[in-house]
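Reading the structure
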Amino acid sequence: MSTNSLHFATPAFACAPLERTSQADAGRLGAKGVSPNGKELSRLINAAVVSKEFRELLLSEPAAALAAGYNGEIFQLTPEEHKLILSIRVSALADFAIQVIQNGRALPRPGE
């Protein structure tokens, strides 16, 4: 595991390593900002786990958190994922993750 990665898994939702995604790299994630198989949602949750400041912003002002990104990284969410994140109103990260898992299963995946 590199120093730029964090990997953990939770029941029913495996989180991908938190890899750097700069503005310049954003296009490589797929057409129309597609987040392959929820990778960007995993990165978002990983960032909230490792950064108290980002976590607090995500829980209190999700739009601001998405706009700010994390540690110079941006999150390339699909429009559906973006809408999902903005719709979640909880005060604890565990509850946030549960909402992402439960509601994220219904989101369309690339190629569907």
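Residues numbered from 1 in each chain as written. Predicted model: local features only at pLDDT ≥ 70, side-chain atom pairs only at ≥ 80, totals over all residues. Heavy atoms only, no water.

1. Here we look at unusual backbone geometry
Short version of the rule: Counting from the N terminus, the helices are the DSSP runs of H or I reaching at least four residues and the strands are the DSSP runs of E reaching at least two.
Of note, Asn71 is a non-glycine position whose phi angle comes to about 55 degrees, a positive value. Examined against the element boundaries, Asn71 turns out to sit in the loop between α3 (62-68) and α4 (79-87).

2. Focus on the nonpolar core
Note the cut-off: Side-chain atoms within 4.5 Å link the members of a nonpolar core, which is a set of buried Ala, Val, Leu, Ile, Met, Phe, Trp, Tyr and Cys residues. Only protein chains enter the accessibility calculation, which uses a 1.4 Å probe; a residue whose area is less than 20% of its type maximum is buried, one above 50% is exposed, and one in between is partly exposed. In this analysis, two residues are considered to be in contact whenever any of their non-hydrogen atoms come within 4.5 Å of each other.
Grouped together as the largest cluster of nonpolar side chains are 21 residues, with contacts concentrated most on Leu44, Phe54, Leu58, Phe75, Ile85, Phe96 and Val100. Those elements that provide at least two residues to this core are α1 (39-50), α2 (52-60), α3, α4 and α5 (93-104). For this core, the element with the highest residue contribution is α1, accounting for five residues. Residues in contact with Phe54, not counting those within four places in the same chain, are Leu44, Ala47, Ala48, Ala65, Gly69, Tyr70 and Phe75.

3. Quick word on the packing of α1 against α5
This is how the line gets drawn: A fitted line through C-alpha atoms represents every axis, and for helices the fit uses only the stretch in contact; the resulting angles, taken between N-to-C directions, go from 0 to 180 degrees. Any angle that is under 35 degrees is reported as roughly parallel, and any over 145 degrees as roughly antiparallel; angles of 65 to 115 degrees are reported as roughly perpendicular and all others as oblique. Three residue categories are used. Nonpolar comprises Ala, Val, Leu, Ile, Met, Phe, Trp, Tyr, Cys and Pro, charged comprises Asp, Glu, Lys and Arg, and polar comprises the others, including Gly.
As a packed pair, α1 and α5 sit with axes 11 Å apart at the nearest point and diverge in direction by 175 degrees. One element, α1, and the other, α5, form an angle in the roughly antiparallel class. Residues Leu41, Leu44, Ile45, Ala48 and Val49 of α1 form the contact with α5, whose own contacting residues are Leu93, Phe96, Ala97 and Val100. Classifying every residue of the contact of α1 with α5 by side-chain character gives nine nonpolar, no polar and no charged.

4. Overview of α5
Just so we agree on the cut-off: The span expected for a helix works out to 1.5 Å for each residue beyond the first. Starting at the helix axis, one direction is taken to each C-beta atom, and the arc is that of these directions.
The end-to-end C-alpha distance of α5 is 15 Å, a good match for the 16 Å that 12 residues give at a rise of 1.5 Å each. Taken as a whole, α5 has its buried residues at Leu93, Phe96, Ala97, Val100, Ile101 and Gly104. Looking straight down α5, one finds its buried side chains confined to an arc of 135 degrees; they lie on one side.

5. Some words on the pattern of salt bridges
Note the following rule: For this analysis, a salt bridge means a side-chain nitrogen from Lys or Arg found within 4 Å of a carboxyl oxygen belonging to Asp or Glu.
One pass over the full model with this rule turns up three salt bridges. For Glu40, the salt bridge identified is with Arg43, shortest N-O distance 2.6 Å. Of the two residues, Glu40 and Arg43 are both situated in helix α1; the distance of three residues between them amounts to about one turn of the helix. In this pair, the class of Glu40 matches that of Arg43, namely buried. Its salt-bridge partner being Arg43, residue Glu73 comes within 2.6 Å of it at the nearest N-O pair. A residue pair is termed long-range when its members are at least 10 positions apart, and Glu73 in the loop between α3 and α4 and Arg43 in helix α1 qualify at 30 residues. Each of the salt bridges in this network shares a partner with another, and the network as a whole consists of Glu40, Arg43 and Glu73.

6. With respect to the side chain of Arg43
Filter applied, for reference: In protein, a polar contact means a hydrogen-donor-capable atom and an acceptor-capable atom, both N or O and within 3.5 Å, with residues adjacent in sequence counting only if both atoms are side-chain atoms; elsewhere, any N or O pair within 3.5 Å suffices.
Residue Arg43 is classed as buried on the basis of its relative accessible area, which comes to 0%. Only 2.6 Å separates the side chain of Arg43 from the side chain of Glu40, close enough to count as a polar contact. A distance of 3.2 Å separates a polar atom in the side chain of Arg43 from the backbone oxygen of Ile74.

7. Regarding the packing of aromatic side chains
For the record, the criterion: Between 30 and 60 degrees the pair is tilted, below 30 it is stacked and above 60 it is edge-to-face, where a pair is any two Phe, Tyr or Trp rings, Trp via its six-membered ring, whose centres lie within 6.5 Å.
Summed over all chains, the structure comprises two aromatic pairs. Residues Phe54 and Phe75 carry aromatic rings whose centres are separated by 5.7 Å and whose planes lie at 40 degrees to one another, so their mutual orientation is tilted. Of this pair, Phe54 sits in helix α2 while Phe75 sits in the loop between α3 and α4; the two residues are 21 residues apart in sequence, bridging distant segments of the chain. Judged on exposure class, the residue Phe54 and its partner Phe75 are both buried.

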